[in-house]
Amino acid sequence: LIAAVLIYLMYSNAISIIQGLIAGGKLSFWVGIFLPHMIALSVAWLLFIQRSRIYGLAFWRRPHKNGAGESSNPPINPVPPQ
């Protein structure tokens, strides 16, 4: 929770700094609009990737198919033969 508050404070401070630079004419409006938000989205994406690797939520990895067209991974809950 403390990390989230610190990240928010840094983001809010960056927005204020950018607003001052735009008002002073030292920074283009479009650069000022996109720069802090793109940095924040990049940090959020990196944190999401890190968390998904820790908990095994790698949704972008699909199981490899073998030559027969079936998954090479065994089923999670196999049905016992009768």
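Bear in mind that the values here come from a model prediction, so they are computed numbers and not experimental data.

Asker: Could you clarify how one ought to interpret the packing of aromatic side chains in this entry?
Answerer: Think of a pair of aromatic rings as described by two things: how far the centres are apart, and how the planes are tilted against each other in angle. Evaluated as defined, the whole model comprises three aromatic pairs. Pairing Trp30 with Phe34 gives two aromatic rings, centres 6.2 Å apart and planes at 20°, and the pair type is stacked. Of the two residues, Trp30 and Phe34 are both situated in helix 2 (residues 29-54); the distance of four residues between them amounts to about one turn of the helix. Of the residues examined, Trp30 reaches a relative accessible area of 57% and is grouped as exposed. Measuring from ring centre to ring centre gives 5.6 Å for Trp45 and Phe48, while their planes differ by 35°; the resulting arrangement is tilted. With Trp45 and Phe48 both in helix 2 and three residues apart, the pair spans about one turn of that helix. With relative accessibility at 48%, the residue Trp45 sits in the partly exposed group. In this structure Phe48 comes out as partly exposed when scored by relative accessible area, which is 38%. Among the aromatic residues, ring-to-ring pairing joins Phe29, Trp30 and Phe34 into one connected group.

Asker: Is there a simple way to explain a nonpolar patch on the surface in this structure?
Answerer: A cluster of nonpolar side chains, contributed by Ile7, Met10, Val31, Leu35, Ile39, Val43 and Leu47, occupies part of the molecular surface with about 600 Å² of accessible area. Taken together, the elements giving at least two residues each to the nonpolar patch come down to helix 1 (2-23) and helix 2. Among the elements that make up the nonpolar patch, the one with the highest residue count is helix 2 (five residues). Locating Leu35 in the fold gives a position in helix 2. You can call Leu35 partly exposed: its relative accessible area is 40%.

Asker: Explain the layout of surface pockets here, please?
Answerer: One water molecule sets the probe size; rolling that probe over the atoms shows where empty space is left. Space inside the largest pocket adds up to approximately 190 Å³. At the level of secondary structure, the elements contributing two or more residues to the lining of the largest pocket comprise helix 1 and helix 2. Element by element, the count of residues in the lining of the largest pocket is highest for helix 2, at six residues. The residue makeup of the lining of the largest pocket, split by class, is ten nonpolar, no polar and no charged.

About the thresholds
- Residues numbered from 1 in each chain as written.
- Predicted model: local features only at pLDDT ≥ 70, side-chain atom pairs only at ≥ 80, totals over all residues.
- Heavy atoms only, no water.
- Phe/Tyr/Trp six-rings, centres within 6.5 Å; stacked < 30°, edge-to-face > 60°.
- Helix = DSSP H or I, 4+ residues; strand = E, 2+ residues; numbered from the N terminus.
- Buried < 20%, exposed > 50% of the residue type's maximum accessible area, 1.4 Å probe, protein only.
- Patch = residues over 30% accessible without salt bridge, like charges linked within 9 Å, V, L, I, M, F, W, Y side chains within 5 Å.
- Areas by Shrake-Rupley, 256 points an atom, 1.4 Å probe, with all protein chains shown as cover.
- Salt bridge = Lys/Arg side-chain N within 4 Å of Asp/Glu carboxyl O.
- 1 Å grid on protein atoms, 1.4 Å probe; cavity = no way out; pocket = protein on both sides within 12 Å on 5 of 7 lines; lining within 4 Å.
- Points joined across faces, edges and corners; volume = space filled by probe spheres on them.
- Nonpolar A, V, L, I, M, F, W, Y, C, P; charged D, E, K, R; others polar.

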